[in-house]
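Structural characterization, general
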Amino acid sequence: MISLVRYLAADVLRGQRYLAPLLVFLGVLGMLFASDAGQPLEAYSGSAALLYPIAAWMAVVVATSEDVVRREITVVSAGGWSRVLTAAALVAVLFAFAMALLAAVWPVVTNPHPYTAGQFFVGLGAHTVCALLGVGVGLMFARPVFDSIGRTVLAVFGVVVLTYPLGRATPLGWVLDALGHNRSSLSVLWAGVVGVALVSAAVVVGARRA
Amino acid sequence: MLRDLTLEVSGLVVLTGANGTGKSTLLKIAAGVLKPSTGRVVRPASVGYVPERFPSDVKMSASSYLAHMGRVRGAAANDVLERLGFVGSLTAPMSELSKGNAQKVALAQAFLAADVLVLDEPWTGLDPAAATELVSLLEDRTALVSDHEGHLASATRVDLAGGHVTIELSRVVGLDALEALEGVRSVLSRGSSARVVVAPDRSDQVLAEALRLGCSVRSVR
């Protein structure tokens, strides 16, 4: 599995399609924290909300990095769709976690309000949860579940856009609500459970659909 | 759709048949890319697969790709590239390779497999010397190969269509009913059109059923 993860990660990095979501992420992150972003946890809410669609976008990039034919070869070499889709999910989660870490560290350096270690780890956890939810949404609608990139983009965009107005009815809303009220909450943990379940479900659905 | 097919691969087995008779589909099922709608496939742990067309826009270099594939399989590097006469840069992106050299890379990754090779038109793009060398590489291997050009004269041959009648249909309705008819060997549907390959002795019945269902018959050959 490690060698498969290394191969898929190397392929994503070589393909450079990851640059678009990464640069958008860095650019908006820079704007969010260009001035006083507020109290520590409150300041994290903007970047956590941003990470959700960016992680979904990055997951689609990871899932579709290999073209259809090369993915077939990889599936045969690795011994089945489940292994390849699990490895792709791990790569997407690794990319998402790296971005979550960056988003958690950024305001610690730039925000004038001092951060405690506890606030930092709550922020890191919240970002990781939002990233997991994004990865789950991205993988759920990417190849091999949807064969067409157009359908994938429309479905992911639709779900992401619908998530925000639903507010606290969604796991993302639980996280953003907790951060927005400057408090940590068990609901963040539950949202993480939903995120892990979503990523796992995307792998299972993909393996069945393939 | 392929029906009533039992195939045991031992030594070299060559699949033949006209376009659309399901050779590539069968090879994908054999390799584990596709699942059969019914029936089962028993395959060994290590299968090497070469698709009909290796992609031409791969940014990874050949050496990096083969090293990764070797690690994924837990297999040592082989000398297939050298034997096939690969010329070009192993460190440049594969998108810069010629079609023939890219095919050699595809073959080299497949030969990392220890047990069975599944090769779909593996001679595509190879020069004559490489084509001959590929024949010798396949000696003593267990492989399922589609081969239009007769490179493997001594191999066991399986003709997917055999003697057959091809019926081209438009305004297709009741495709499921057609697929279920006795004598239907394969059905390839594209939108509202379909190509149905039928055993010669059942073509009249299939044709009659297609017309009864309301399909338009474009050609029978």
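Residues numbered from 1 in each chain as written. Chains lettered and ligands numbered in written order. Predicted model: local features only at pLDDT ≥ 70, side-chain atom pairs only at ≥ 80, totals over all residues. Heavy atoms only, no water.

Attention now moves to the overall build of chain A. Scanning chain A for helices and strands turns up nine helices and zero strands. Listing each helix as α and each strand as β along chain A from the N terminus yields α-α-α-α-α-α-α-α-α. Since a compact globule built from 210 residues should have a radius of gyration of about 17 Å, the 17 Å found for chain A is in line with a globular shape. Referenced to the eigenvectors of the C-alpha coordinate spread, the extents of chain A come out at roughly 50 × 35 × 30 Å. Burial analysis of chain A (210 residues in total) assigns 51% to the buried set. For chain A, long-range pairs separated by at least 24 residues make up 79% of all intrachain contacts whose partners lie at least 6 apart in sequence. Summed over its atoms, the accessible surface of chain A is roughly 8900 Å², and 71% of this surface lies on carbon and sulfur atoms. The distance from the centre of the 12 positive side-chain charges to the centre of the 8 negative ones in chain A is 7 Å. (Helix = DSSP H or I, 4+ residues; strand = E, 2+ residues; numbered from the N terminus. Rg over C-alpha atoms; globule rule 2.2 N^0.38 Å. Buried < 20%, exposed > 50% of the residue type's maximum accessible area, 1.4 Å probe, protein only. Contact = heavy atoms within 4.5 Å. Areas by Shrake-Rupley, 256 points an atom, 1.4 Å probe, with all protein chains shown as cover. Lys, Arg positive; Asp, Glu negative; His and termini not counted. Charge placed at Lys NZ, Arg CZ, Asp CG, Glu CD.)

For chain B, the count of helices and strands is seven helices and nine strands. In terms of overall dimensions, chain B has a C-alpha envelope of 60 × 35 × 30 Å along the principal axes. Scored against the burial criterion, the 221 residues of chain B give a buried share of 48%. Restricting to contacts in chain B with at least 6 residues of sequence separation, those with at least 24 account for 71%. Of the accessible surface of chain B, which amounts to about 10500 Å², a share of 49% is contributed by carbon and sulfur atoms.

Next up on the list: the sheet that holds strand 8 (residues 193–198) of chain B. Residue and element names in this part refer to chain B. The strand order across the open sheet formed by four strands is 7-8-6-9, and the pairing between neighbours is antiparallel. Because the sheet does not close on itself, it has two edges, and the strands there are strand 7 (184–190) and strand 9 (216–220). On average, each strand axis in the sheet is tilted by 20° relative to the strand beside it, whichever way the strands run. (Pairing = 2+ DSSP bridges. Axes fitted to C-alpha atoms, helices over the stretch in contact; angles between N-to-C directions.)

Describing two packed helices takes the angle between their axes plus the distance from one axis to the other. All names here are of chain B. Contact geometry for helix 2 (residues 62–73) and helix 4 (residues 99–110): axes closest at 10 Å, N-to-C directions at 20°. What the angle tells us is that helix 2 and helix 4 run roughly parallel. Here helix 2 and helix 4 pass one another in a crossing that is right-handed. Taking contact as the criterion, the partners of A62, Y65, L66, M69 and R73 in helix 2 are, on helix 4, V105, A108 and Q109. (Parallel < 35°, antiparallel > 145°, perpendicular 65-115°, else oblique. Left-handed = near helix turned anticlockwise from the far one by under 90°.)

Take the environment of L132(A) next. Residue and element names in this part refer to chain A. Counting through the fold element by element, L132 comes out in helix 6 (residues 117–141). Put simply, L132 and A201 are 69 residues apart on the chain and 12 Å apart in space, counted from C-alpha to C-alpha. In this structure, L132 is in contact with V93, G192, G195, V196 and V199, ignoring residues within four places of it in sequence.

Attention shifts here to the interface of chain B and chain A. Each partner contributes to the interface: chain B provides 24 residues, whereas chain A provides 22 residues. When the area that chain B buries against chain A is broken down by residue, the three leading residues are V33(B), M60(B) and V72(B), summing to 26%. Counting every contact that joins chain B to chain A gives one salt bridge. Among the ionic pairs, E72(A) bridges to K28(B), the shortest N-O distance being 3.3 Å. (Buried area = accessible area lost by both parts, 1.4 Å probe. Salt bridge = Lys/Arg side-chain N within 4 Å of Asp/Glu carboxyl O.)

Moving on, we come to the domain arrangement of chain B. What the domain assignment reports for chain B is domain 1 (12–159) and domain 2 (165–220). For domain 1 of chain B and domain 2 of chain B, the distance between their C-alpha centroids amounts to 33 Å. (Domains from an automatic or database assignment.)

Residue and element names in this part refer to chain A. Following the UniProt record, one finds the feature "transmembrane region" (unreviewed entry) at residues 18–37, 43–63, 84–108, 120–142, 149–167 and 187–207. The annotated region residues 43–63 carries 100% helix and 0% strand content, and the separation between its end C-alpha atoms amounts to 31 Å. In residues 120–142, the share of helix is 96% and the share of strand is 0%. The end C-alpha atoms are 32 Å apart. (UniProt positions renumbered as here; feature names shortened; annotations may be inferred.)

Right, let's talk about unusual backbone geometry for a bit. Look at the link from R143(A) to P144(A): it is a cis peptide, with omega at 10°. In this structure, E121(B) is a non-glycine residue whose phi angle is positive, near 50°. Considering the arrangement of structural elements, one finds E121(B) in the loop between strand 3 (116–120) and helix 5 (128–138).

Further remarks concern the packing of helix 6 of chain A against helix 7 (residues 149–163) of chain A. Residues and elements named next belong to chain A. Between helix 6 and helix 7, the least distance of the axes is 9 Å, while the angle of their chain directions is 150°. By crossing handedness, the relation of helix 6 to helix 7 is classed as right-handed. Listed contacts from helix 7 to V137, G138 and F141 of helix 6 are T152, A155, V156 and V159. In the contact of helix 6 with helix 7, the residues fall into five nonpolar, two polar and no charged. (Nonpolar A, V, L, I, M, F, W, Y, C, P; charged D, E, K, R; others polar.)

Scanning the entire structure with this criterion turns up seven aromatic pairs over all chains. Ring geometry for Y18(A) versus F95(A): centroids 6.4 Å apart, planes at 55°, classification tilted. Here F95(A) lies in helix 5 (residues 81–110) and Y18(A) lies in the loop between helix 1 (2–15) and helix 2 (19–32), a separation of 77 residues in the sequence. Side by side, Y18(A) and F95(A) carry an identical accessibility label, which is buried. Ring pairing ties together the aromatic residues Y7(A), F54(B) and Y65(B), which thus form one cluster. (Phe/Tyr/Trp six-rings, centres within 6.5 Å; stacked < 30°, edge-to-face > 60°.)

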